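Structure at a glance
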Amino acid sequence: MYDFAADPAQPKAELYRELTAAAEALTAGESDAVANMANVAALLWQFLPELNWAGFYRVIDGELVLGPFCGKPACIRIPFGQGVCGAAAASGASQRVADVNAFPGHIACDAASRAELVVPVRRGGQVIAVIDLDAPREGRFEPDDQTGIEALARILADRI
Ligand code: SME
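Computed from a prediction, not measured in an experiment: that's the story for all the values here.

A look at the overall build of the protein chain
- In terms of helices and strands, the protein chain carries 4 helices and 6 strands.
- A globule of 160 residues ought to have a C-alpha radius of gyration of about 15 Å, and the protein chain, at 14 Å, matches this closely.
- Projected onto its principal axes, the C-alpha positions of the protein chain cover 35 × 35 × 25 Å.
- Within the protein chain, the proportion of its 160 residues that are buried is 48%.
- Sequence-distant contacts in the protein chain: of pairs separated by 6 or more residues, those separated by 24 or more amount to 52%.
- Working note: accessible area of the protein chain is about 7600 Å², and carbon and sulfur atoms make up 51% of it.
- In the protein chain, 13 side chains carry a positive charge and 21 a negative one; their mean positions are 3 Å apart.

Laid out in structure tokens, this is it:
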């Protein structure tokens, strides 16, 4: 549906503008949250280089529960406050971690993961989900990545 070949020379801001525009177009008018998260997980995987996991955890009854993703099978339930995802959900703040081995309580789903970016999706002031990206290279995620994923999270707030 979306053919896209990542160009390593493309400025990140431009890459994220394309990604958010594609996500906006793909989810417009569709009310099914699972369908929208599944397509956005696929877009993240397609657009962003150097990832080994990209997807969603949803807030259900006070804990994080695995949602649509691309990558290897992952932990299904994560309590608030645990690991990088749990820290993002509990604090409501994005977590950009250069080296997960140095993050207290990091939950290792895949030993290949070194860097992680977790961005909360908020609706009506509440965290309803987190977007989780994992990468095998230390320091993979830069401030531009965080800004780009936060823009995506705002678009998804009332679509997932
Ligand atoms: N590493 C995460 C757990 C989720 S997986 O990486 C997909 C964490 O510490 O929250």
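So that's the structure; there's more coming.
Here we look at the packing of helix 1 (residues 12-27) against helix 4 (residues 143-156)
- Direction vectors running N to C along helix 1 and helix 4 enclose 15°, while the axes themselves pass 10 Å from each other. Comparing the axis directions of helix 1 and helix 4 gives the class roughly parallel. Every pair of crossing elements has a handedness; the one defined by helix 1 and helix 4 is right-handed. Contacts from K12, Y16, T20, A23, E24 and T27 in helix 1 reach D144, D145, G148, I149, A151, L152, I155 and L156 in helix 4.
- Looking at the contact of helix 1 with helix 4 residue by residue, the class counts come to 7 nonpolar, 3 polar and 4 charged.

A short note on the sheet that holds strand 4 (residues 95-97)
- Sheet architecture is open: 6 strands sit in the order 3-2-1-6-5-4, paired in antiparallel fashion. Across the chains shown, the open sheet's two edge strands, defined by having one partner strand only, are strand 3 (77-79) and strand 4. Taken over all neighbouring pairs, the strand axes of this sheet differ in orientation by 25° on average, direction set aside.
- Helix 4 rests against strand 1 (53-60), strand 4, strand 5 (115-123) and strand 6 (126-135) of the sheet, and its axis sits at about 30° to strand 5.

So, the nonpolar core
- Of all hydrophobic cores here, the largest spans 33 residues; its most connected members are L44, L48, I131, L133 and I149.
- Listed by contribution, the elements that provide at least two residues to this core are helix 1, helix 2 (33-47), strand 1, strand 5, strand 6 and helix 4.
- If sequence neighbours within four positions are ignored, L48 has contacts with L15, Y16, L19, L133, R140 and I149.
- The next biggest cluster of nonpolar side chains, apart from the first, holds 17 residues, and it includes L64, L66, A74 and V84.

Thoughts on the state of the cysteines
- Taken as a whole and assessed by the stated rule, the structure comprises 1 disulfide.
- Across the disulfide, C75 is cross-linked to C109 (sulfur-sulfur distance 2.4 Å). Across the S-S bond of C75 and C109 the torsion is about -125°, and the bridge reads as left-handed. Taken together, the positions of C75 in the loop between strand 2 (63-71) and strand 3 and C109 in the loop between strand 4 and strand 5 put the pair 34 residues apart, joining distant regions of the chain.

Quick notes on the rules
- Residues numbered from 1 in each chain as written.
- Predicted model: local features only at pLDDT ≥ 70, side-chain atom pairs only at ≥ 80, totals over all residues.
- Heavy atoms only, no water.
- Helix = DSSP H or I, 4+ residues; strand = E, 2+ residues; numbered from the N terminus.
- Rg over C-alpha atoms; globule rule 2.2 N^0.38 Å.
- Buried < 20%, exposed > 50% of the residue type's maximum accessible area, 1.4 Å probe, protein only.
- Contact = heavy atoms within 4.5 Å.
- Areas by Shrake-Rupley, 256 points an atom, 1.4 Å probe, with all protein chains shown as cover.
- Lys, Arg positive; Asp, Glu negative; His and termini not counted.
- Charge placed at Lys NZ, Arg CZ, Asp CG, Glu CD.
- Axes fitted to C-alpha atoms, helices over the stretch in contact; angles between N-to-C directions.
- Parallel < 35°, antiparallel > 145°, perpendicular 65-115°, else oblique.
- Left-handed = near helix turned anticlockwise from the far one by under 90°.
- Nonpolar A, V, L, I, M, F, W, Y, C, P; charged D, E, K, R; others polar.
- Pairing = 2+ DSSP bridges.
- Core = buried A, V, L, I, M, F, W, Y, C linked by side-chain atoms within 4.5 Å.
- Disulfide = S-S within 2.5 Å.

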